[in-house]
Amino acid sequence: MTRPADRWWRGAGVVLLVAGGLAGAVSDAGTMDGASVLLLLGFPLAMLGLVLVVQGRRAPLAIRVECSRHRMLPERLHARRGDTRRRR
């Protein structure tokens, strides 16, 4: 069962995925001056949308944890626990 917040994140992922795909299609359709820039902006949008569609609301949480100062904390606690058990 998905929560409403999870559905919201997955919906935002679908919107980003479609927007990135449309940016790629528009950049291939015509010979504009900014076509390559549009394609370069559309591809990351599509990839971010795909991640959000698959992961839902866990993706922003993972990004926030990865960007924080404490991203190594669980590994350090686990290593410290392992060291104290070996000393006994």
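Residues numbered from 1 in each chain as written. Predicted model: local features only at pLDDT ≥ 70, side-chain atom pairs only at ≥ 80, totals over all residues. Heavy atoms only, no water.

1. Description of the pattern of salt bridges
- This model, assessed by the stated rule, comprises one salt bridge.
- Residue Arg10 is joined to Asp6 by a salt bridge in which the shortest nitrogen-to-oxygen separation is 3.2 Å. You can see Arg10 and its partner Asp6 sitting in helix α1 (residues 4–29), four residues apart, about one turn around the helix.
- Overall, the relative accessible area of 28% leaves Arg10 in the partly exposed class. (Salt bridge = Lys/Arg side-chain N within 4 Å of Asp/Glu carboxyl O. Helix = DSSP H or I, 4+ residues; strand = E, 2+ residues; numbered from the N terminus. Buried < 20%, exposed > 50% of the residue type's maximum accessible area, 1.4 Å probe, protein only.)

2. A few points about a nonpolar patch on the surface
- There is a patch of nonpolar side chains on the surface, built from Leu17, Phe43, Met47, Leu50 and Val54 and spanning about 450 Å² of accessible area.
- With respect to the helices and strands, the residue Met47 is situated in helix α2 (residues 35–55). (Patch = residues over 30% accessible without salt bridge, like charges linked within 9 Å, V, L, I, M, F, W, Y side chains within 5 Å. Areas by Shrake-Rupley, 256 points an atom, 1.4 Å probe, with all protein chains shown as cover.)

3. Looking at α2
- With 21 residues, α2 should reach 30 Å at 1.5 Å per residue; the first-to-last C-alpha distance of 30 Å fits that figure.
- For α2, the full list of buried residues reads Ala35, Gly42, Ala46, Gly49 and Leu52. The buried residues of α2 occupy one face: seen down the axis, they fall within an arc of 125°. Of the exposed residues in α2, the ones pointing more than 90 degrees away from its buried face are Leu40, Leu41, Phe43 and Val54.
- Downstream of α2 by a residue or two, Gly56 has a phi angle that is positive, lying close to 70°. (Expected span 1.5 Å × (residues − 1). Arc of directions from axis to C-beta.)

4. So, the packing of α2 against helix α3 (residues 58–67)
- At a minimum axis separation of 7 Å, α2 and α3 run at an interaxial angle of 115°. Relative to α3, α2 is oriented roughly perpendicular. Contacts from Val51, Leu52, Val54 and Gln55 of α2 reach α3 at Arg58, Ala59 and Pro60.
- By residue class, the composition of the contact of α2 with α3 is five nonpolar, one polar and one charged. (Axes fitted to C-alpha atoms, helices over the stretch in contact; angles between N-to-C directions. Parallel < 35°, antiparallel > 145°, perpendicular 65-115°, else oblique. Contact = heavy atoms within 4.5 Å. Nonpolar A, V, L, I, M, F, W, Y, C, P; charged D, E, K, R; others polar.)

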